[in-house]
Amino acid sequence: MTETPVATDDVLRKRALEALTTARARTRLLTECVDDRELTAQHSPLMSPLVWDLAHIGNQEEQWLLRAVAGRDAIRPEIDSVYDAFEHPRAERPTLPLLSPAESRTYASDIRGRVLDVLEAHPLHGSPLVDSAFAFGMIAQHEQQHDETMLITHQLRRGPAALDAPEPPGGGTAGLPAEVLVPAGPFTMGTSAEPWALDNERPAHHRHVDAFLIDTTPVTNGAFQAFVADGGYTDERWWAPEGWDQIRRHDIGAPLFWRHEGGQWLRRRFGVTEPVPEDEPVLHVSWYEADAYARWAGRRLPTEAEWEKAARHDPASGRSRRYPWGDEDPTPERANLGQRHLRPAPAGAYPEGASPLGVRQLIGDVWEWTSSDFLPYPGFAPFPYREYSEVFFGPGHKVLRGGSFAVDAVACRGTFRNWDLPVRRQIFSGFRTARDA
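Residues numbered from 1 in each chain as written. Predicted model: local features only at pLDDT ≥ 70, side-chain atom pairs only at ≥ 80, totals over all residues. Heavy atoms only, no water.

Draft legend 1. Up close: the overall build of the protein chain. Assigned secondary structure in the protein chain consists of nine helices and 12 strands. Its C-alpha radius of gyration of 21 Å places the protein chain within 12% of the 22 Å reference for a compact globule of 437 residues. Overall, the C-alpha framework of the protein chain stretches about 60 × 50 × 40 Å when taken along its three principal axes. Looking at the protein chain residue by residue over its 437 residues, the buried ones come to 57%. A fraction of 77% describes how many contacts in the protein chain between residues 6 or more apart in sequence connect residues 24 or more apart. Total accessible area on the protein chain stands at roughly 17400 Å², and carbon and sulfur atoms take up 52% of it. (Helix = DSSP H or I, 4+ residues; strand = E, 2+ residues; numbered from the N terminus. Rg over C-alpha atoms; globule rule 2.2 N^0.38 Å. Buried < 20%, exposed > 50% of the residue type's maximum accessible area, 1.4 Å probe, protein only. Contact = heavy atoms within 4.5 Å. Areas by Shrake-Rupley, 256 points an atom, 1.4 Å probe, with all protein chains shown as cover.)

What follows is the structure, encoded as structure tokens:
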């Protein structure tokens, strides 16, 4: 198990400041590239208006960093319920008395200025909430998670492109094996040492995993097109009963945003229509679609424990790394993160980010569905509030791992756990398959 060295308060303040500043720059990018009409519109009942996310980010920052950490009086207590994600489903948020775009920007900016004063002066030890600047890291992760949510909204909105980014590096699977053997044995899953890890990642514990083989890269668009062409969406044999019912009721016959026209598959990506690139990891598929493909291919989705062992376990040392490549933080050469690019990189990209066994692109590019339900680890304790993880545990949500191009490094690591309903397709989700050895 990797032990993280104890950092000084100055180092922690610098790290927290960088994380908060990076998140806010991205929030501005996502909310300043469209006009106020676009900010207040609900582009899909699955998502909030962008202006709701903007003020919610500020409200969470006020509640946790100004009130809970610094003990200050509430600035806008009357809006707490408006921006409570558990009190109001996304579909009804446009009907709430939301702050205007100008008011939301002013509020979020005012809160941030006060938070930076707190960060400069407040001790970063003495309670679990402030030890290692945890609360500041939690809020930076929260903002980045909402930035990812807002990027999903940008993908769902109609109209011309509002965002731009350079192309990702090239890939290529020539010379790579199709799958990698992960040997049987125990490994350390989860973490008790990562200072900004969230409650569902804790505690570290030992898991035994039988030998299995896992895809070297995520399943590509080209491979998924073969499933479509073979009648995968019309053959009940491959589908879980709930998934079969879902695709029949909603007439689903391809990943979200795809359409077949002129003898080829096209997709809409952030306001641009383009041919579906066959060498990219498939994107915008539900758990049911991923599971059906795996069955069609004579394989299965990996369990969450299998995924983490493939991503973190180092057979040479017997320990679990923070990331597939080691303990060092992500870099642009290792992973496609942080909205640096607006698409996954081709399969086989990022050789410097490979795991010790040679598995590629386990971090970034696409969230990867696993076969596992979202459940607590042995010894789980909710912190700092039950609603972050505990209320979602159970068979209703499936675990996704690895992050996507839309995820910032602060909210992505080898232990990070995402979860969603198995019907969800608007998220930046893909998958890879596995089989027993």
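Draft legend 2. How the structure looks around the environment of Trp 367. With respect to the helices, strands and loops of the structure, Trp 367 is situated in strand 8 (residues 367–374). Counting along the chain gives 60 residues from Trp 367 to Ile 427, while the straight-line C-alpha distance between them is 8.3 Å.

Draft legend 3. Region of the structure containing the side chain of Thr 191. Structurally, Thr 191 can be placed in the loop between strand 2 (185–189) and strand 3 (205–209). Engagement of the side chain of Thr 191 in a polar contact is seen with the backbone nitrogen of Glu 194, the distance being 2.9 Å. Not counting residues up to four positions away in its chain, the partners in contact with Thr 191 are Ala 197, Glu 201, Arg 202, Pro 203, Ala 204 and Thr 415. (Polar contact = N/O pair within 3.5 Å; in protein donor to acceptor, adjacent residues only side chain to side chain.)

Draft legend 4. How the structure looks around unusual backbone geometry. Cis rather than trans, the peptide bond between Arg 202 and Pro 203 has omega equal to -10°. For Pro 203, the location among the structural elements is in the loop between strand 2 and strand 3. Here the amide bond leading from Phe 383 into Pro 384 is cis, since omega sits at -5°, within 30 degrees of zero. Tracing the backbone shows Pro 384 in the loop between strand 8 and strand 9 (394–401). We note that Ser 132 has phi near 60°; this positive angle belongs to a residue other than glycine. By secondary structure assignment, the location of Ser 132 is in the loop between helix 4 (101–121) and helix 5 (134–156).

Draft legend 5. Inspection of the sheet that holds strand 6 (residues 264–269) at higher detail. Pairing in this open sheet of three strands is antiparallel, and the strands run 5-6-7 from one edge to the other. In the strand order of this sheet, the two ends are held by strand 5 (258–261) and strand 7 (272–275), each with one partner. Averaged over all adjacent pairs, the angle separating strand axes in this sheet is 35°, with direction ignored. Note that strand 6 and strand 7 share four bridges and pair antiparallel. Looking across to strand 7, one finds that Leu 266 is bridged to Pro 275. (Pairing = 2+ DSSP bridges. Axes fitted to C-alpha atoms, helices over the stretch in contact; angles between N-to-C directions.)

Draft legend 6. Here's a closer look at the sheet that holds strand 10 (residues 418–420). Strand order in the open sheet made by the four strands is 10-9-8-11, with mixed pairing throughout. This sheet does not close on itself; its edge strands, each paired only once, are strand 10 and strand 11 (429–430). Across two bridges, strand 8 lies against strand 11 in parallel orientation. Residue pairing across strands places Trp 367 opposite Ser 429, the latter belonging to strand 11.

Draft legend 7. Representation of the packing of aromatic side chains. Enumeration over the complete set of coordinates arrives at 28 aromatic pairs. Measuring from ring centre to ring centre gives 6.1 Å for Phe 86 and Phe 392, while their planes differ by 45°; the resulting arrangement is tilted. Note that Phe 86 is positioned in the loop between helix 3 (50–69) and helix 4 and Phe 392 in the loop between strand 8 and strand 9, a separation of 306 residues in sequence. Classification of Phe 86 by relative accessible area gives partly exposed; the value is 48%. For Phe 392, a relative accessible area of 23% corresponds to the partly exposed category. (Phe/Tyr/Trp six-rings, centres within 6.5 Å; stacked < 30°, edge-to-face > 60°.)

Draft legend 8. Highlighting the nonpolar core. The biggest cluster of nonpolar side chains holds 113 residues, and the ones touching the most others in it are Phe 136, Leu 151, Phe 224, Trp 239 and Phe 431. Ignoring sequence-local partners within four residues, the contact set of Trp 239 consists of Phe 227, Gly 232, Tyr 233, Trp 244, Ile 247, Tyr 288, Glu 289 and Ala 292. (Core = buried A, V, L, I, M, F, W, Y, C linked by side-chain atoms within 4.5 Å.)

Draft legend 9. Examining the side chain of Glu 62 more closely. Residue placement: Glu 62 occurs in helix 3. The class for Glu 62 is buried, based on a relative accessible area of 0%. In this structure the side chain of Glu 62 is engaged in a polar contact, spanning 3.4 Å, whose partner is the backbone nitrogen of Arg 76. Once you skip the residues sitting within four places of it in the chain, Glu 62 turns out to touch Arg 67, Ala 74, Ile 75, Arg 76, Tyr 107 and Ile 111.

Draft legend 10. Examining the pairing of strand 4 (residues 212–215) more closely. Where strand 1 (residues 179–182) and strand 4 come together, four bridges link them in antiparallel fashion. Across the sheet, residue Val 180 finds its bridge partner in strand 4, namely Ile 214. Sheet topology note: the strand 4/strand 12 (residues 434–436) ladder contains three bridges and is antiparallel. Looking across to strand 12, one finds that Phe 212 is bridged to Asp 436.

Draft legend 11. Representation of the pattern of salt bridges. All told, the structure shown has 41 salt bridges when counted by the stated rule. Taking the shortest distance from any N to any O, the salt bridge between Arg 321 and Asp 314 comes out at 3.7 Å. The residues Arg 321 and Asp 314 share a single accessibility class, namely buried. (Salt bridge = Lys/Arg side-chain N within 4 Å of Asp/Glu carboxyl O.)

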